[in-house]
Amino acid sequence: MISLNIPGFGPLNIEHLIMDYNGTIALDGNLTPGIGKIIKELSVDIEVHVLTADTFGQCEENLAELPVAIHIISGTSEDQAKLDYINSVGAKKCACIGNGRNDALMLKESALGIVVSGPECMSMIAARSADIAASDIAHALGLFTHPIRLMTTLRY
């Protein structure tokens, strides 16, 4: 667990890190180089989950060696399916990272929502739903490998 009491923001007790796959930790179906190592490091302290519609059909293969729970979403209401998933593990114990419009609900309802901009860019709806915007996934994950960064970003 990652626990912080952030002045002006309140307490964070993060047990689950839930991330979108394509556009967030992967591009065109392929895991972003170097991210696997960070995920392994984070999995010592928190449970790591990946939610995806798996557009390219490569998620399970690309993450097979990593300590992550993978949940493939199907159907038309992907945003609601992602929200339902975080609610099933306890939204207020979750930090969520995403970039797409279908990530907006989970970013808004989680204890901490982080929108990532990268080569696939980001949805402005997702951006308005997040607590933090990161320029790329490595910087977003760095908030958890160095949690004091969360304090300096969120306090007031």
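Here is what the cut-offs are and how they apply
Residues numbered from 1 in each chain as written. Predicted model: local features only at pLDDT ≥ 70, side-chain atom pairs only at ≥ 80, totals over all residues. Heavy atoms only, no water. Salt bridge = Lys/Arg side-chain N within 4 Å of Asp/Glu carboxyl O. Helix = DSSP H or I, 4+ residues; strand = E, 2+ residues; numbered from the N terminus. Buried < 20%, exposed > 50% of the residue type's maximum accessible area, 1.4 Å probe, protein only. Contact = heavy atoms within 4.5 Å. Pairing = 2+ DSSP bridges. Axes fitted to C-alpha atoms, helices over the stretch in contact; angles between N-to-C directions. Expected span 1.5 Å × (residues − 1). Arc of directions from axis to C-beta. Core = buried A, V, L, I, M, F, W, Y, C linked by side-chain atoms within 4.5 Å.

Trainee: Even after reading the chapter, I still don't get the pattern of salt bridges, so can you show me in this structure?
Mentor: Any two side chains of opposite charge can pair, so long as their charged atoms come close to each other. Inspection of every chain in the model, using the stated rule, returns 3 salt bridges. Two residues, Asp 20 and Lys 82, come together in a salt bridge whose shortest N-O distance is 2.9 Å. Remark: Lys 82 occurs in helix α3 (residues 78-89) and Asp 20 occurs in strand β3 (residues 16-20); sequence separation between them is 62 residues. For the pair formed by Asp 20 and Lys 82, the shared burial category is buried. With a closest N to O distance of 2.5 Å, Lys 82 and Asp 103 form a salt bridge. Residue Lys 82 is found in helix α3, and its partner Asp 103 is found in the loop between β8 (94-98) and α4 (104-109); the two are separated by 21 residues along the sequence.

Trainee: Explain the side chain of Asp 103 to me, please; I cannot follow it from the model alone.
Mentor: Residue classification places Asp 103 among the buried positions, given a relative accessible area of 0%. Contact partners of Asp 103, with chain neighbours within four places excluded, come to Asp 20, Thr 24, Lys 82 and Gly 98.

Trainee: Just to check I follow, could you spell out the sheet that holds β8 for this structure?
Mentor: Across a sheet, strands are paired by hydrogen bonds formed along the backbone, either parallel or antiparallel in direction. Taken together, 6 strands build an open sheet; the order of strands is β7-β6-β3-β8-β9-β10 and the sheet is parallel. Both outer strands of the open sheet, β7 (68-72) and β10 (132-134), are each paired with one neighbouring strand and no more. Sheet twist, expressed as the mean angle between neighbouring strand axes with direction ignored, is 20 degrees. Each of β3, β8, β9 (112-116) and β10 is contacted by helix α6 (residues 137-145), which is oriented at about 155 degrees to β9, the strand it contacts most.

Trainee: So what exactly am I meant to see when it comes to α3 here?
Mentor: Helical geometry: 3.6 residues make up each α-helical turn, so side chains three or four residues apart lie on a common side. Here α3 spans 17 Å end to end across 12 residues, near enough to the 16 Å set by a 1.5 Å rise per residue. What α3 keeps buried is the set Lys 82, Leu 83, Tyr 85, Ile 86 and Val 89. On an axial view of α3, the arc spanned by its buried residues comes to 155 degrees, and they lie on one face. Among the structural elements, β3, β6 (47-52), β7, β8 and α4 are those in contact with the buried residues of α3.

Trainee: Before we go on, may I ask you to explain unusual backbone geometry in this structure?
Mentor: Note: most peptide bonds trans; most residues except glycine with negative phi. Its identity is not glycine, yet Asp 54 carries a phi of approximately 50 degrees, on the positive side. Looking at the secondary structure, you find Asp 54 in the loop between β6 and α2 (59-62). In this structure Asp 54 comes out as buried when scored by relative accessible area, which is 15%.

Trainee: So what exactly am I meant to see when it comes to helix α1 (residues 35-42) here?
Mentor: For α1, every residue scored as buried is listed here: Ile 35, Gly 36, Ile 38, Ile 39 and Leu 42. For α1, the angular spread of buried residues about the axis comes to 160 degrees, placing them on one side. Each element contacted by the buried residues of α1 is listed here: β3, β5 (30-31), β6, β7 and α6.

Trainee: Just to check I follow, could you spell out the nonpolar core for this structure?
Mentor: Inside soluble globular proteins, nonpolar side chains tend to come together where they are buried. Residues Ile 97 and Phe 144 are the most contacted members of the largest nonpolar core, which totals 38 residues. If you look at the next biggest cluster of nonpolar residues, it comprises 15 residues, including Ile 18, Leu 51, Cys 94 and Ala 126.

Trainee: Looking at this structure, I do not really get the environment of Pro 7. What am I missing?
Mentor: Following the sequence through the fold, Pro 7 ends up in the loop between β1 (2-6) and β2 (10-14). Taking the relative accessible area as the measure of exposure, Pro 7 reaches 43% and is therefore partly exposed. C-alpha of Pro 7 to C-alpha of Val 89: the two residues are 82 residues apart in sequence and 26 Å apart in space. If sequence neighbours within four positions are ignored, Pro 7 has contacts with Met 151, Leu 154, Arg 155 and Tyr 156.

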